[in-house]
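Structural features, examined
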Amino acid sequence: MNLTVWRRIAAILVARNREFYRDRAGLSWNLLMPVMMVLAFAFIFRGGPEDVFKVGVVTQDGNLHSATSPFLALDYLSFIPLTEPDAAIAKVERHQLDLLLDLRETPAYWVNADSPNGYLAERLLLGAYASATGPSPERRAVSGAALRYVDWALPGVLAMNIMFSSLWGVGWVIVRYRKNGVLRRLKATPLSPWEFLTAQVASRLIVVLGASLLVYLGATALLDFPMRGSYLALALVYVTGALCLISLGLIVASRLRNEEVADGLLNLISWPMLLLSGVWFSMEGTSVAAQTLSHLLPLTHLVEGARRVMIDGAGVVDVLPQIGLLAGLAALFLALAAWLFRWE
């Protein structure tokens with residue numbers, strides 16, 4: 001290639017770089033995103049060596065500081081405070097907890113005889129009580145195969161797919177409509193903002209649920225994962241979750257005119273939910289602040305409801321708190337989006 005060709009390439013290169021640097025929204029997002037990711041992981045996980053075993057501890061008030069046991073003085077064990085043992089016993093059966101210790105009236109512990117970690121945690125428990133005064137807690141053995149990670153992660157993966165499709169399917173697209181003048185033309189029709197947004201919600205809901213159903217059927221055929229609960233309950237959880245996230249995407253799209261800014265805001269909303277909602281890893285054992293923030297995010301309740309149905313065998317009544325919360329947030333977000341919406 002001659003010098004003229006290289007000059008043309010260089011001119012386009014310089015022009016494109018100047019365009020990027022002048023786009024403050026895009027530049028800021030490219031600089032801030034990596035820093036935010038690092039800070040988020042530092043916020044979620046505590047520093048220092050990782051704990052070796054995960055132990056549930058049942059007390060009257062769910063407070064470990066008021067419990068007395070020589071076992072609690074051991075290091076490198078993650079003690080999870082609980083108030084009721086029933087749900088935790090199921091986790092011991094599935095190897096999600098290495099041991100469950102009940103310190104209420106009659107001390108007892110549950111351990112899975114098929115769990116290598118449970119065997120070692122039990123040895124530590126008995127050793128701690130052997131060097132202390134008083135009787136050891138009563139042993140109550142359970143059995144059960146380990147829950148595969150893919151079985152645990154699948155409800156969250158389906159929820160994550162719904163989140164991304166819901167947010168970008170309406171948030172980014174409506175901003176593009178506004179930028180290209182489509183909304184300006186619709187403004188001249190009798191169509192009201194509420195009617196337009198309702199149609200967008202219905203359209204996206206059909207697409208999201210259809211895609212999720214295909215993913216679910218494909219996973220069933222390939223992975224043979226457990227489905228222990230009610231299909232109606234699972235459908236209600238995902239429908240209300242999708243409605244909530246679609247409505248949240250509408251709020252982002254209510255006034256923005258720039259697709260790059262919309263993309264940045266949607267990432268700013270989705271990534272904290274992806275990190276803090278328990279999609280890829282359990283929030284048990286993370287910092288108290290991270291767990292508190294997690295319960296403020298709609299995706300957390302979508303993932304929790306789906307896991308309760310698919311893994312714990314919950315029915316509609318059992319997941320009504322999650323369904324009601326997601327439906328209430330969906331109505332609130334949709335009303336707010338309609339109030340904020342502008343055609344131009």
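Just above, that's the structure.
Residues numbered from 1 in each chain as written. Predicted model: local features only at pLDDT ≥ 70, side-chain atom pairs only at ≥ 80, totals over all residues. Heavy atoms only, no water.

**Some thoughts on the overall build of the protein**
Going by this rule: Secondary structure counts use DSSP, requiring at least four H or I residues in a row for a helix and at least two E residues in a row for a strand, with both numbered from the N terminus. Only protein chains enter the accessibility calculation, which uses a 1.4 Å probe; a residue is then buried when its area is under 20% of its type maximum, exposed when over 50%, and partly exposed in between. Note on contacts: a residue pair qualifies if any of its non-hydrogen atoms lie within 4.5 Å across the two residues. Working definition of accessibility: Shrake-Rupley area with a 1.4 Å probe, residue cover restricted to the visible protein chains.
Looking only at helices and strands, the protein has twelve helices and five strands in total. Relative to its 344 residues, the protein shows a buried fraction of 42%. Sequence separation of 24 or more characterises 75% of the internal contacts of the protein that already satisfy a separation of 6 or more. Of the roughly 18,100 Å² of accessible surface on the protein, 64% is carried by carbon and sulfur atoms.

**Here's the deal with the pattern of salt bridges**
The criterion, for reference: Whenever Lys or Arg places a side-chain nitrogen within 4 Å of a carboxyl oxygen from Asp or Glu, that contact is recorded as a salt bridge.
In this structure the tally under the stated criterion is four salt bridges. The partner of D312 in a salt bridge is R94, and the shortest N-O contact between them spans 2.7 Å. Pair noted here: D312 is in the loop between α11 (298-310) and α12 (320-340) and R94 is in the loop between α3 (86-93) and β3 (99-102), with a separation of 218 residues, a long-range link. Take D312: its relative accessible area is 47%, and that puts it in the partly exposed class. For R94, a relative accessible area of 12% corresponds to the buried category. E138 serves as the salt-bridge partner of R140, at 3.6 Å between the closest nitrogen and oxygen.

**Quick notes on the packing of α11 against α12**
Heads up, the rule is: Axis definition: a line fitted to C-alpha atoms, limited for helices to the stretch in contact. Angles are taken between N-to-C directions and run from 0 to 180 degrees. Here the word oblique covers every angle except those under 35 degrees (roughly parallel), over 145 (roughly antiparallel) and from 65 to 115 (roughly perpendicular). Crossing handedness: left-handed means the near helix sits turned counterclockwise from the far one by under a right angle, and right-handed means the same turn made clockwise. Under the scheme applied, nonpolar residues are Ala, Val, Leu, Ile, Met, Phe, Trp, Tyr, Cys and Pro; charged residues are Asp, Glu, Lys and Arg; polar residues are all the others, including Gly.
Taken N-terminus to C-terminus, the directions of α11 and α12 make an angle of 150°; their axes are 9 Å apart at the nearest point. It follows from the interaxial angle that α11 and α12 lie roughly antiparallel. For the pair α11 and α12, the crossing hand works out as left-handed. Each of P298, H301, L302, E304, G305 and R308 in α11 lies in contact with α12, whose residues at this interface are Q322, L325, L326 and L329. Classifying every residue of the contact of α11 with α12 by side-chain character gives five nonpolar, three polar and two charged.

**With respect to the environment of L326**
Tracing the chain through its elements places L326 in helix α12. Separated by 81 residues in sequence, L326 and L245 place their C-alpha atoms 8.9 Å apart. With residues near it in sequence (within four places) discarded, L326 still touches V237, T240, G241, C244, P298, H301 and L302.

**Notes on the packing of helix α8 (residues 231-253) against α11**
The contact between α8 and α11 brings their axes to 9 Å, and the two run at 170°. When the interaxial angle is binned, α8 and α11 end up roughly antiparallel. Facing A233, L234, V237, Y238, G241, C244 and L245 of α8, the residues of α11 in contact are P298, L299, L302, G305, A306, V309 and M310. Broken down by class, the residue content of the contact of α8 with α11 amounts to twelve nonpolar, two polar and no charged.

**Considering the packing of aromatic side chains**
Put simply, the test is: Here the aromatic set is Phe, Tyr and Trp, taking the six-membered ring for Trp, and pairing holds for ring centres within 6.5 Å; pairs whose planes are under 30 degrees apart are stacked, those over 60 apart are edge-to-face, and all others are tilted. Note on geometry: a ring has a charge over it if NZ (lysine) or CZ (arginine) is within 6 Å of the ring centre and within 35 degrees of the ring normal.
Scanning all chains against the criterion turns up three aromatic pairs. Relative to W343, the ring of F341 lies with its centre 5.1 Å away and its plane at 85°, an arrangement referred to as edge-to-face. Directly above the ring of Y119 sits R123, whose terminal nitrogen or CZ lies 5.1 Å from the centroid. The ring centre of W152 lies 3.5 Å from the NZ or CZ of R307, which sits over that ring.

**With respect to the pairing of strand β1 (residues 53-58)**
Condition: Each pair of strands is called paired provided DSSP finds at least two bridges between the two strands.
Most of β1 sits out of view: five of its six residues are buried. Direction of pairing for β1 relative to strand β2 (residues 77-82): parallel, over a ladder of six bridges. When the sheet's bridge partners are listed, V55 is paired in β2 with F79.

**Some thoughts on a nonpolar patch on the surface**
Inclusion rule: Candidate patch residues must exceed 30% relative accessible area and have no salt bridge, after which like charges are joined if within 9 Å and Val, Leu, Ile, Met, Phe, Trp or Tyr side chains if within 5 Å.
On the surface, V150, L222 and L223 cluster together into a nonpolar patch covering about 270 Å² of accessible area. Mapped onto the elements of the fold, L223 is located in helix α7 (residues 193-223).

**Focus on the nonpolar core**
Side chains of nonpolar character tend, in soluble globular proteins, to be buried together. Where we set the bar: Residues belong to a common nonpolar core when they are buried Ala, Val, Leu, Ile, Met, Phe, Trp, Tyr or Cys residues joined through side-chain atoms within 4.5 Å.
Judged by nonpolar contacts, the single largest core of 61 residues is most densely connected at I174, L197, Y238 and L299. Put simply, the parts of the chain that give this core at least two residues each are α5 (149-180), α7, α8, α9 (259-276), α11 and α12. Ignoring sequence-local partners within four residues, the contact set of I174 consists of L183, F196, L197, Q200, L250, A253 and F341. V55, F79, L101 and L125 belong to the second-largest nonpolar core, a separate cluster that totals 17 residues.

**A word on the environment of R140**
Looking at the element boundaries, R140 is found in strand β5 (residues 138-142). By relative accessible area, which is 31% here, R140 ends up partly exposed. Sequence separation of R140 and W110 is 30 residues, and the distance between their C-alpha atoms is 4.8 Å. Non-local contacts of R140, meaning those with residues more than four positions away in its chain, are made with A108, Y109, W110 and V111.

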